[in-house]
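Below, each chain spelled out in residue letters.
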Amino acid sequence: MDKKFYITTPIYYVNMNPHLGTAYPTVAADVLARHHRAKGEQVFFLTGTDEHGAKIVEAATKNRKTPKEFVDEIAAKYQLLWDELQISNDNFIRTTDPQHEKIAAAIAQRLYDKGFIYKGTYSGLYCVGCERYYTEKELVDGKCPYHQTAPTQLSEDCYFFKLSGFQEPLMKLIDQGDWVIEPKERRNEVLGFLKTEKLEDLAISRVRAKMNWGITLPWDKNQVLYVWVDALLNYLTGLKWDGDFNKLSELWPPDAQLLGKDILRFHAVIWPAMLLALEIPLPKKLFITGFFTINGQKMSKSLGNVIDPNEVIRIFGSDAARYLLLSLFPFGQDGDVSMEKFYDKYSANLASGLGNLVSRVITLALKQETIYEFSENNEFRVKITATWATYEKAMDNLAFEQALIAIQDLASFCDKYIEINKPWQLVKTNLDLFKKVMYNLLESLRHLAWLTSPFMPEISEKILAALGLFTENKKDLSLVKDWGAVNHYQVKSVKPLFPRLTRD
Ligand code: MSP
């Protein structure tokens, strides 16, 4: 089998429409998925929606819909948005899919049969927004730190998962580097938490009479599986795995799981504990993404300070929207976003940067009706090799903004080369040299097309088409990365890739 790459995003709550913050991890995962596909790997990219639980019931009731009507509507909006953003997921898992419900119930049963689940009563403060219990200590002024609302006091019979037994094994796994959490600060946060706070057993069900929107526990029909356990299991069920514990999917385990820091503990503690209990290998890497903030505050549905991704796509186009999401600040850190910043970045890096370079080079090349043939140029060979090396290292580290800087840097290098060599004069004075200069620029555009392709797939195709290349030839990155891999060009005219915009 080819090298495999299984990547996941969190599954999104369908209590409200998607916003730019929720589009962020999905676009990032898509870029990675496309990059690994270009390397010839067998990629499986999973995303989807988290559709059970009190939060959804609340939202549906507010909208005077049944939960099922409501989740169908919002899940469709997510799928539509992912289409608009050219998300290349291999499956879209919905936790209301009968197949997910069936396998998730079977997994819960397995945990029960193995003795990891027992019956008890839970009394505590529950935040419906987070779908979790809080201790008094974790609240800020008596309110949930994420939703700024007071949690509800709940007291009910439920089943518990023996999470407390996993404190030591998890610490050990993190310490030894077998349970990888990136960036480092997030790993340290989890380790710090495990070292200083005692893990309590986890309430993993709710009384059906009180919360009637979820997966029924197979061994007790009066209880519904806790929405977070239900949701985490999507990473297993989304592989279309049939639930045979003797034969896991060939794609298991995930190679990279992306998620925000607000859901770190679910993924870094509860999730691996469940897998250890099930004796299923752990994911290879969790990568914790930062937040989009607006004036320093997390962009969130509950705070209402959201940017509509459809609006960003409408103004800048789908490819540029993807670029803008990943270029503003380092992946893994928080960053303030605004339409103003998007306009500035679009204008500087895309309209005046890459877009202008492509138009300029193609216009110059069209000055002669000729085929531009390969001639060796060591300066370009060195530059291109170095660019790919920086880019690939950045992609391996999920440092998308660094990969984009490498692209920007190559475009600037070409701009400077044009200024120095003045091909518009050479075409009149030294045709031979003109052709050599143009080959270097055209070959560089080809590399730029390949480098940008995971980020801006349509733009990449347009550049390749202007270079007269058939995009079906897109095969394995290793075949296209060399300087001179295409040894002649006959170009075609191209419309501006990033039209200049006036601000709304
Ligand atoms: N349903 C759970 C996840 C279950 S995964 C087994 C959930 N859903 S969510 O819709 O609230 O959030 C999904 C992801 O979007 C999280 O990783 C969250 O951090 C991310 N984001 C939500 N708002 C965001 C920003 N403002 N900025 C960046 N990411 C944001 O949690």
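To start, this report covers the structure provided alongside it. (Residues numbered from 1 in each chain as written. Predicted model: local features only at pLDDT ≥ 70, side-chain atom pairs only at ≥ 80, totals over all residues. Heavy atoms only, no water.)

Here we take up the overall build of the protein chain. Helix and strand counts for the protein chain stand at 18 helices and 19 strands. Relative to the 2.2 N^0.38 estimate, which gives 23 Å for 504 residues, the radius of gyration of the protein chain is 26 Å and therefore close to what a compact globule would have. Overall, the C-alpha framework of the protein chain stretches about 90 × 50 × 40 Å when taken along its three principal axes. Nonlocal contacts in the protein chain, meaning residues at least 24 apart in sequence, comprise 78% of its contacts between residues at least 6 apart. Of the accessible surface of the protein chain, which amounts to about 21,600 Å², a share of 50% is contributed by carbon and sulfur atoms. For the protein chain, the centre of its 61 positive side-chain charges and the centre of its 63 negative side-chain charges are spaced 2 Å apart. (Helix = DSSP H or I, 4+ residues; strand = E, 2+ residues; numbered from the N terminus. Rg over C-alpha atoms; globule rule 2.2 N^0.38 Å. Contact = heavy atoms within 4.5 Å. Areas by Shrake-Rupley, 256 points an atom, 1.4 Å probe, with all protein chains shown as cover. Lys, Arg positive; Asp, Glu negative; His and termini not counted. Charge placed at Lys NZ, Arg CZ, Asp CG, Glu CD.)

It is worth spelling out the packing of helix H10 (residues 309–316) against helix H12 (residues 339–365) at this point. Between H10 and H12, the shortest axis-to-axis distance is 12 Å and the interhelical angle comes to 30°. When the interaxial angle is binned, H10 and H12 end up roughly parallel. In this structure, H10 crosses over H12, and the sense of that crossing is right-handed. Between H10 and H12, the contacting residues are Val312, Ile315 and Phe316 on the first element and Met339, Phe342, Tyr343 and Tyr346 on the second. (Axes fitted to C-alpha atoms, helices over the stretch in contact; angles between N-to-C directions. Parallel < 35°, antiparallel > 145°, perpendicular 65-115°, else oblique. Left-handed = near helix turned anticlockwise from the far one by under 90°.)

This paragraph deals with the site of the ligand. If you check the shell around the ligand, you find 25 residues, and the closest are Asp50, Gly260, Asp262, Phe292 and Met299. Between the ligand and the protein, one listed contact pairs a nitrogen atom with a backbone N or O atom of Ile11 at 2.8 Å. In the environment of the ligand, a nitrogen atom lies 2.8 Å from a nitrogen or oxygen atom belonging to the backbone of Phe292. Look at the ligand: alone it shows 660 Å² of surface, and the protein chains cover 96% of it. Put simply, the parts of the chain that give the shell around the ligand at least two residues each are strand S2 (12–13), helix H1 (20–38), helix H7 (227–232), helix H8 (234–237) and strand S13 (256–260). Looking at the shell around the ligand, its residues break down into 14 nonpolar, seven polar and four charged. (Near = heavy atom within 4 Å. Polar contact = N/O pair within 3.5 Å; in protein donor to acceptor, adjacent residues only side chain to side chain. Nonpolar A, V, L, I, M, F, W, Y, C, P; charged D, E, K, R; others polar.)

This paragraph deals with helix H2 (residues 54–62). Among all positions in H2, only Ala54, Lys55, Ile56, Ala59 and Ala60 are buried. As for H2, its buried residues are in contact with S2, strand S3 (42–50), helix H3 (67–84) and strand S10 (205–207). Residue Arg64 follows H2 closely and has a positive phi angle near 55°. (Buried < 20%, exposed > 50% of the residue type's maximum accessible area, 1.4 Å probe, protein only.)

A separate point is the pairing of strand S4 (residues 91–94). Looking down a regular strand, the side chains alternate between one sheet face and the other. Side chains Asn91 and Ile93 project from S4 onto one buried face, and the interleaved Phe92 and Arg94 project onto a second face that is buried too. Here four bridges tie S3 to S4, and the two strands are oriented parallel to one another. The residue of S4 that forms the bridge with Thr47 is Phe92. (Pairing = 2+ DSSP bridges.)

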